[in-house]
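Tertiary structure, described
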Amino acid sequence: MIITLVIDNFGATNNGTTVTCMRTASYLQSRGHEVRVIAHVPPEHDDVSTYKILNCPRYHIPIFDKLILDNGMVIAKGDEKQIADFIEGSDIVHLLLPFHLESQVRKVAKVMGIPVTSAFHCQPENVSFNIHMGHVRWVNSLIYALFKRWVYRYTRHVHTPSEMMADQMVLHHYKNVIHPISNGIAPAFVPERVEKDPEFKDKYLIMMIGRYSGEKRQDLLIKAIGRSRYNDRIQLVLCGQGPLRKKYEKLSRKYLKNPCLFAFCDQKKLRHFINMADLYVHASDAESEAISCIEAFACGLVPVISDSPVSATNHFALDKRCLFKAGDIDSLKDRIEFFIEHPDVKEDLSSKYVEYGKTFSLEGCMGRLEEMFRQAIQDDQEDRKLERAYLSTPKERRLLRKTAKKIGLENPTIYTNSVCRK
């Protein structure tokens, strides 16, 4: 297949969705598919020449621009004519985010008669927590509605990285064909015998991986260790980057007896820390999957996970003692102290987690994504025979005709017969 992936940012490994896209592109290419990418590629990350890339400029958003960049993201925009020339001949176009660039590409692909699928990687809480409204229900519902209006109401097949995200889509009245498929982990994440670095020899090493932002709740972990009677023994490692780093550095100096290590790691260094650590904590209030947690327990590192209802990560708990009450400092402190005091329980769970981690192999997960693409192509062929579209409203048809005019397409694929009306 010729598969075109669309994402706002490609090349930089500073956010999970971009890493997932790069990993997906690499796997699909290794399977013999031709992979094309439409994205903004930062100048310092232009070493992605193995793919055919349409490099789009950044879309500057006043007021919010710095916040977006601090979270490792950019918003991109493209030229419809260039997009049309680039995707010509594609078997399928896959949109990884629900923003401006993806909306542009969707409309171009539709009028060219190219099947389009999408993925739900950006959880609305990722947006709302950054404007300090993460727990305001109507704000999250509004963001779900906007994402649906921009992209998802026009793509029949949608990939979600977890069952929890599929449930949230249904809860917010999405009527798509939803495919819950893990993003999968690289085969490099396996248990290794690693000696602790000299500075950590006598320390109980706890780590968490994730962006330094409100919904990830690194603050909760810092405060929980601060309240623990083992504070002087614990060494905390926070792997990531993000807008709240300075705040967390200040917080760690206040609560922790051992200086917290803040690090942004490549895969090799990350594996080293994981295999050196004693316990993994995932304190996030909102998470669509948390590949980092899977990578950790696939190496045998036992996780302690928030039981937040909008975090998919808690489904990874193989024992109730691996869960703590979301947002509760003392509950997290108690779980940490339990595993420090019961190394035999942790050792037993470690071997179980290694086996569990094998079910998230990249090969198995990407095979299911390939099957989704094939199903979408088959459905599109059937729609063409019946001259129908997944969603066809007067407004949508006007937008598609406008797009067709921009790219100079005289006979656009615009059907009036609709499969699904919403």
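Up top is the structure these notes are about.
The structure contained in this document is the topic of the report that follows. (Residues numbered from 1 in each chain as written. Predicted model: local features only at pLDDT ≥ 70, side-chain atom pairs only at ≥ 80, totals over all residues. Heavy atoms only, no water.)

Thoughts on a nonpolar patch on the surface
Residues Trp138, Leu142, Leu146 and Trp150 make up a contiguous nonpolar surface patch of about 420 Å² in total accessible area. In this structure, Trp150 sits in helix α6 (residues 137–150). Owing to a relative accessible area of 36%, Trp150 belongs among the partly exposed residues under this scheme. (Patch = residues over 30% accessible without salt bridge, like charges linked within 9 Å, V, L, I, M, F, W, Y side chains within 5 Å. Areas by Shrake-Rupley, 256 points an atom, 1.4 Å probe, with all protein chains shown as cover. Salt bridge = Lys/Arg side-chain N within 4 Å of Asp/Glu carboxyl O. Helix = DSSP H or I, 4+ residues; strand = E, 2+ residues; numbered from the N terminus. Buried < 20%, exposed > 50% of the residue type's maximum accessible area, 1.4 Å probe, protein only.)

Focus on the sheet that holds strand β11 (residues 279–282)
Read from one edge to the other, the open sheet built from six strands follows the order β10-β9-β8-β11-β12-β13, with strand pairing classed as parallel. Either end of the sheet is taken by a strand with one partner, and the two such strands are β10 (261–263) and β13 (323–324). Bridge count for strand β9 (residues 234–239) against β10 is three bridges, and the pairing is parallel. Considered in β10, the bridge of Leu238 is made with Phe262. (Pairing = 2+ DSSP bridges.)

Points about the packing of aromatic side chains
Counted under the stated rule, the structure contains 19 aromatic pairs. Arranged with centres 4.7 Å apart and planes meeting at 25°, the rings of Phe120 and Tyr152 form a pair that is stacked. One end of the pair, Phe120, is in the loop between β5 (116–119) and α5 (124–128); the other, Tyr152, is in the loop between α6 and β6 (157–160), with 32 residues separating them in the sequence. Just as Phe120 is buried, Tyr152 falls in that class too. Ring plane angle 45° and centroid distance 6.2 Å describe the contact between Phe147 and Trp150, whose orientation is recorded as tilted. (Phe/Tyr/Trp six-rings, centres within 6.5 Å; stacked < 30°, edge-to-face > 60°.)

Notes on empty space enclosed by the protein
Under the defined criterion, the tally for this structure stands at two cavities of 30 Å³ or more. Looking at the largest cavity, its volume works out to about 370 Å³. Around the largest cavity sit 27 residues that line it, and Lys110, Asp380, Asp383, Ala389 and Tyr390 are the ones nearest its centre. Elements with a minimum of two residues in the lining of the largest cavity: α4 (100–112), β5, α14 (362–386), β14 (388–389) and α15 (394–406). With five residues, α14 is the single largest residue contributor to the lining of the largest cavity. Roughly 60 Å³ of volume is contained in the second largest cavity. Contributing to the lining of the second largest cavity are Leu5, Thr20, Cys21, Thr24, His94, Leu96, His121, His159, Asn183, Met366 and Leu369. (1 Å grid on protein atoms, 1.4 Å probe; cavity = no way out; pocket = protein on both sides within 12 Å on 5 of 7 lines; lining within 4 Å. Points joined across faces, edges and corners; volume = space filled by probe spheres on them.)

Describing the sheet that holds strand β7 (residues 177–180)
Read from one edge of the open sheet, seven strands run β3-β2-β1-β4-β5-β6-β7, paired in parallel fashion. This sheet does not close on itself; its edge strands, each paired only once, are β3 (52–55) and β7. Here the strands of the sheet are splayed against their neighbours by 20° on average, with no regard to which way each runs. Examined bridge by bridge, β5 and β6 share two bridges and lie parallel to one another. (Axes fitted to C-alpha atoms, helices over the stretch in contact; angles between N-to-C directions.)

Regarding the pairing of β9
Across the six residues of β9, six count as buried, placing the element largely inside the fold. Neither face of β9 is open: one carries Ile234, Leu236 and Leu238, the other Gln235, Val237 and Cys239, and all of them are buried. Looking at chain direction, strand β8 (residues 204–209) and β9 are connected through six bridges and run parallel. Directly across from Tyr204, in β9, lies its bridge partner Ile234. A crossover connection joins β8 to the parallel β9 through helix α8 (residues 218–227); in handedness this β-α-β unit is right-handed. Taken together, β9, helix α9 (residues 245–255) and β10 constitute a β-α-β crossover, and its handedness is right-handed. (Right-handed = clockwise from strand over helix to strand, strands pointing away.)

Here's the deal with the nonpolar core
By size, the foremost hydrophobic cluster in this structure holds 68 residues, and its most contacted members are Phe10, Ile38, Ile87, Val93 and Phe120. For this core, the element with the highest residue contribution is α14, accounting for eight residues. Residues contacting Val93, with those up to four places away along its chain left out, are Thr4, Val6, Ile87, Val105, Ala109, Ile114, Pro115, Val116 and Thr117. Met208, Ile234, Cys293 and Phe339 belong to the second largest nonpolar core, which has 63 residues in total. (Core = buried A, V, L, I, M, F, W, Y, C linked by side-chain atoms within 4.5 Å. Contact = heavy atoms within 4.5 Å.)

Examining the layout of surface pockets
The space that makes up the second largest pocket amounts to roughly 490 Å³. The wall of the second largest pocket is formed by 19 residues, among which Asn275, Ala277, Gly300, Glu347 and Ser350 lie closest to the centre. Breaking the lining of the second largest pocket down by element, the ones donating at least two residues are α10 (267–276) and α13 (343–357). In terms of residues, the lining of the second largest pocket owes the most to one element, α13, which gives four residues. Each residue belonging to the lining of the second largest pocket can be placed in one class, and the counts come to eight nonpolar, four polar and seven charged. (Nonpolar A, V, L, I, M, F, W, Y, C, P; charged D, E, K, R; others polar.)

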